[in-house]
Amino acid sequence: MTRVEVFNFSAGPSALPTPVLEKAAAELVNYRGSGLSVMEMSHRSREFQDIFNDTKAKLRAALGVPESHEILFLQGGASLQFSMVPMNLSAEGDAADYAVTGNFARIAAKEAEKYCRVNVAASSEATLFDRIPAQEELRLDPAARYFYYCSNNTIYGTAWNYVPETGDVPLVCDMSSEILSRPVDVSRFGLIFAGAQKNMAPAGLTVVIVRRSLAGHERPITPLMMSYQRMIDKDSMYNTPPCYNIYLLGLVLDWLKEQGGVEGMERVKRARAKLVYDYLAESRLFRPCAREGSRSDMNVTFRTPSPELDAEFVKLSVERGMRNLKGHRVAGGMRASLYNAMPMEGAVKLVEIMKEFEVTHHV
Ligand SMILES: *Cc1c(COP(=O)(O)O)cnc(C)c1O
């Protein structure tokens, strides 16, 4: 199949915009007349330093990151932040609030238990993470050093449609699977992090946006590589950063700007997901997994009445060039990840084949 015949619904690593890949291909061997590939450049070279600074500035502009916050380009995936957050933001014996609304939030809370007293402020585990708690349901610990949540639950297909109100307690948010898909008031957050491979760049880069005043209080045992302050002091270059991924993020941010920025992304993501949810509402075969009011526009989860039919549908979808619609192994069913790079036609095609499948497999 050719690239235009395929729609990639992968939850991550996920689709990148075709024009970005084409630009990267054109510059791969000889970056803008330098005679070098970006992959071969010293991270201390003038050429790479320009790429690095530009990318950081573009990200600051795209998200409206205030000067009070530092942008870091780290490694270790979003998962390393599960440890870095408690090591840097809490001291022994401190408490931290965690909203457990999905698999990754649950892992983060478990990891934090090694370092501090975890208060589960809310959990939807009993109903298989099908919903997001309302503000009134959050049981906040007034002594918590921070409030942790995951704004978009990649596996279960739920998303917070509000920013929790926690008074003076800083918000820490895992935005891996929705960053750059909608405007966000960064000033309300103490720390935001995101693995790049969902909505930003290839796997290997983790973006951290941290309020400067929160850094510099890490525990003495914190590894150098895991200290926010050290990375702020060294502008993410304490060691070799993931250079090529940072360059690709820059290309993605150029593309994003041409598409109208995060506001443009938000308009498209609403329309794209609505198409699928509207069909799910009327389908007599498929049903959505997440409850109304908690549904994600980025990861749409759905299923048929049986795992066998689910498998049959996935098989048909692959034949039609729709890749990676199988749900996560812990959740089952199907999952259509509709990230920024997914064109509207992808959602249109998906609904088309769901309809076709429903006609032939109506129960
Ligand atoms: C994918 C994902 C992670 C894990 O990311 P890694 O980079 O593989 O560590 C964590 N949180 C969320 C919300 C994710 O979608």
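If you're wondering where the values come from, they're calculated on a predicted model, not measured in any experiment. (Residues numbered from 1 in each chain as written. Predicted model: local features only at pLDDT ≥ 70, side-chain atom pairs only at ≥ 80, totals over all residues. Heavy atoms only, no water.)

Student: What should I look at first to understand the pairing of strand β4 (residues 117-123) in this one?
Tutor: Looking down a regular strand, the side chains alternate between one sheet face and the other. As judged from the six bridges shared by strand β3 (residues 95-100) and β4, these two strands associate in the parallel manner. Across the sheet, the residue bridging to D97 is N119, located in β4. Handedness of the β3-helix α4 (residues 103-112)-β4 crossover: right-handed. (Pairing = 2+ DSSP bridges. Helix = DSSP H or I, 4+ residues; strand = E, 2+ residues; numbered from the N terminus. Right-handed = clockwise from strand over helix to strand, strands pointing away.)

Student: Help me understand the site of the ligand, please; the structure alone is not making it clear to me.
Tutor: The environment of the ligand is made up of 13 residues, and the closest members are S79, T154, D174, Q197 and K198. Contact distances for the ligand include 2.4 Å between an oxygen atom and a side-chain N or O atom of T154. In the model, an oxygen atom of the ligand is placed 2.9 Å from a nitrogen or oxygen of the Q197 side chain. When the ligand sits alone it has 390 Å² of accessible area, and the protein chains cover 85% of it. (Near = heavy atom within 4 Å. Polar contact = N/O pair within 3.5 Å; in protein donor to acceptor, adjacent residues only side chain to side chain. Areas by Shrake-Rupley, 256 points an atom, 1.4 Å probe, with all protein chains shown as cover.)

Student: Just checking my understanding: could you explain the nonpolar core for this structure?
Tutor: The nonpolar side chains of a soluble globular protein tend to be buried with one another. Counting 53 residues, the largest nonpolar core has F48, L63, F73, F147, L180, M200 and Y247 as the members making the most contacts within it. Looking at this core, the element that brings in the most residues is helix α6 (residues 243-258), giving 11 residues. Residues Y98, A108, A109 and Y115 belong to the second largest nonpolar core, which totals 33 residues. (Core = buried A, V, L, I, M, F, W, Y, C linked by side-chain atoms within 4.5 Å. Buried < 20%, exposed > 50% of the residue type's maximum accessible area, 1.4 Å probe, protein only.)

Student: Any chance you could explain the domain arrangement of the protein here in plain terms?
Tutor: Size of an interface, as often reported, equals the accessible area lost when the parts are brought together. Here the protein is described as being made up of domain 1 (21-258) and domain 2 (260-361). The straight-line distance from the C-alpha centre of domain 1 to that of domain 2 is 27 Å. With 28 residues of domain 1 in contact, the opposing surface of domain 2 contributes 25 residues. Taken together, both faces of the contact between domain 1 and domain 2 bury some 2100 Å²; the carbon and sulfur share is 52%. Between R291 and D130 there is a salt bridge whose closest N-O contact spans 2.9 Å. (Domains from an automatic or database assignment. Contact = heavy atoms within 4.5 Å. Buried area = accessible area lost by both parts, 1.4 Å probe. Salt bridge = Lys/Arg side-chain N within 4 Å of Asp/Glu carboxyl O.)

Student: Even after reading the chapter, I still don't get α4, so can you show me in this structure?
Tutor: Side chains that are three or four residues apart share a direction in an α-helix, a result of its 3.6 residues per turn. Turning to α4, its buried residues number three or more, namely N103, A105, A108, A109, E111 and A112. Turning to α4, the residues buried within the fold contact α3 (77-89), β3, β4 and β5 (144-150).

Student: How should I be thinking about the sheet that holds strand β11 (residues 287-288) in this particular structure?
Tutor: In a beta sheet, neighbouring strands pair by backbone hydrogen bonds and run either parallel or antiparallel. Reading across from one edge, β11-β12-β14 is the order of the three strands in this open sheet, with antiparallel pairing throughout. Sheet topology places β11 and β14 (334-337) at the edges, where each strand pairs with a single neighbour. Where β11 meets strand β12 (residues 299-303), two bridges bridge the pair, whose relative direction is antiparallel. Across the sheet, P288 pairs through a bridge with F302, a residue of β12. The strands touched by helix α7 (residues 261-282) are β11 and β12; relative to β12, the strand with the most contacts, the crossing angle is about 20 degrees. (Axes fitted to C-alpha atoms, helices over the stretch in contact; angles between N-to-C directions.)

Student: In this structure, what is going on with empty space enclosed by the protein? I would like to understand it.
Tutor: Over the atoms, a rolled probe matching the size of one water molecule traces out where space is still vacant. Taken as a whole and judged by the stated rule, the model has two cavities of 30 Å³ or more. Roughly 60 Å³ of internal volume is contained in the largest cavity. Lining of the largest cavity is provided by A15, L16, P17, K198, N199, M200, V252, W255, L256, Y339, N340 and A341. When grouped by side-chain class, the residues that make up the lining of the largest cavity number nine nonpolar, two polar and one charged. The residues that make up the lining of the largest cavity include at least three from each of domain 1 (21-258) and domain 2 (260-361). Space inside the second largest cavity adds up to approximately 40 Å³. Along the walls of the second largest cavity sit N8, S10, S14, A15, S337, Y339, A341 and M342, which together make up its complete lining. (1 Å grid on protein atoms, 1.4 Å probe; cavity = no way out; pocket = protein on both sides within 12 Å on 5 of 7 lines; lining within 4 Å. Points joined across faces, edges and corners; volume = space filled by probe spheres on them. Nonpolar A, V, L, I, M, F, W, Y, C, P; charged D, E, K, R; others polar.)

Student: For this particular structure, what's the right way to read helix α1 (residues 18-27)?
Tutor: Buried residues of α1: V20, A24 and E27, and no others. Along the axis of α1, the buried residues cluster in a sector spanning 70 degrees; they form a single face. Opposite the packed face of α1, turned more than 90 degrees from it, sit the exposed residues E22, A25 and A26. Taken together, the buried residues of α1 touch α6. (Arc of directions from axis to C-beta.)

Student: Can you walk me through the packing of helix α8 (residues 307-319) against helix α9 (residues 344-360) in this structure?
Tutor: Working note: a packed helix pair is described by the angle between its axes plus the distance between those axes. Running from amino to carboxyl end, α8 crosses α9 at an angle of 130 degrees, the nearest separation of the two axes being 11 Å. It follows from the interaxial angle that α8 and α9 lie oblique. As for the relative orientation of α8 and α9, their crossing is right-handed in sense. Here L309, E312, F313, L316 and S317 of α8 come into contact with α9, specifically with L350, I353, M354, E356 and F357. (Parallel < 35°, antiparallel > 145°, perpendicular 65-115°, else oblique. Left-handed = near helix turned anticlockwise from the far one by under 90°.)

Student: Looking at this model, I keep getting lost on the side chain of E178. Mind explaining?
Tutor: Its location among the elements puts E178 in the loop between β8 (171-174) and β9 (191-195). Taking the relative accessible area as the measure of exposure, E178 reaches 6% and is therefore buried. Those residues in contact with E178 that sit more than four places away from it in its chain are S151, N152, N199 and M298.

Student: Hey, could you run me through the sheet that holds strand β2 (residues 69-74) in this one?
Tutor: The strand order across the open sheet built from seven strands is β2-β10-β9-β8-β5-β3-β4, with neighbouring strands paired in mixed fashion. Looking at which strands have only one partner, the edges of the open sheet turn out to be β2 and β4. Going from strand to strand, the sheet's axes swing by 15 degrees on average, the running direction of each strand aside. Here β9 pairs with strand β10 (residues 206-211) via five bridges, running antiparallel. Following the sheet pairing, A194 is matched in β10 by V207. Helix-sheet contacts for helix α2 (residues 46-63) involve β2 and β10, and the interaxial angle to β2 is about 130 degrees. Lying over the sheet, α4 contacts β3, β4, β5 and β8, oriented at roughly 160 degrees with respect to β3.

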